[in-house]
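Structural overview
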Amino acid sequence: PRPPGTPEPPPQAGALTVPGEAGGAVLGGLQPWSRYRLQALVFNGRGAGPPSAEIRFHTPEGGESPKTGLGTQK
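To keep things clear, this report deals only with the structure shown in the data block. (Residues numbered from 1 in each chain as written. Predicted model: local features only at pLDDT ≥ 70, side-chain atom pairs only at ≥ 80, totals over all residues. Heavy atoms only, no water.)

Some details on the overall build of the protein
A tally of helices and strands in the protein yields zero helices and six strands. The secondary structure elements of the protein, listed N-terminal to C-terminal, are β-β-β-β-β-β. Looking at the protein residue by residue over its 74 residues, the buried ones come to 11%. Here the contacts in the protein between residues at least 6 apart in sequence split such that 53% fall between residues at least 24 apart. When the accessible surface of the protein is summed, it comes to about 6300 Å², and 55% of that surface belongs to carbon and sulfur atoms. (Helix = DSSP H or I, 4+ residues; strand = E, 2+ residues; numbered from the N terminus. Buried < 20%, exposed > 50% of the residue type's maximum accessible area, 1.4 Å probe, protein only. Contact = heavy atoms within 4.5 Å. Areas by Shrake-Rupley, 256 points an atom, 1.4 Å probe, with all protein chains shown as cover.)

Structure below.
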């Protein structure tokens, strides 16, 4: 739950919202043989912070779509 008075983060296509107290997140639905780009953005009561450096990765061939874990640092 968000603290009272904290605005909702802006909705974005392909965005994953993770609560601040979370220790990480898992991206699902990734396709084999695909390239992805990811950026993290912090949003709080004062608005959005600057995006992180871009993380580029690709998924290997075959099997189920792999899950990519994202950890957090404080």
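Re unusual backbone geometry
Positive phi outside glycine occurs at Trp33, with the angle close to 55°. Structurally, the position occupied by Trp33 is in the loop between strand 1 (24-27) and strand 2 (35-38).

Regarding the environment of Leu38
Along the chain, Leu38 falls in strand 2. Residue classification places Leu38 among the buried residues on the basis of a relative accessible area of 16%. As for Leu38 and Ala15, which are separated by 23 residues in sequence, their C-alpha atoms are 9.7 Å apart.

Examining the environment of Pro51
With respect to the helices and strands, the residue Pro51 is situated in the loop between strand 4 (47-48) and strand 5 (55-58). On a C-alpha basis, the gap between Pro51 and Gln39 in space is 6.1 Å, while along the polypeptide they are 12 residues apart. Residues contacting Pro51, with those up to four places away along its chain left out, are Gln39, Ala40 and Leu41.

So, the packing of aromatic side chains
Working definition: an aromatic ring pair is given by the centre-to-centre distance plus the angle between the planes. All chains considered together, the criterion is met by one aromatic pair. A centroid spacing of 5.5 Å and a plane angle of 20° characterise the contact between Tyr36 and Phe57, whose relative ring orientation is stacked. Remark: Phe57 occurs in strand 5 and Tyr36 occurs in strand 2; sequence separation between them is 21 residues. Exposure remark for Tyr36: the relative accessible area of 23% places this residue in the partly exposed category. (Phe/Tyr/Trp six-rings, centres within 6.5 Å; stacked < 30°, edge-to-face > 60°.)

Function cannot be inferred from these measures alone, as they are strictly geometric.
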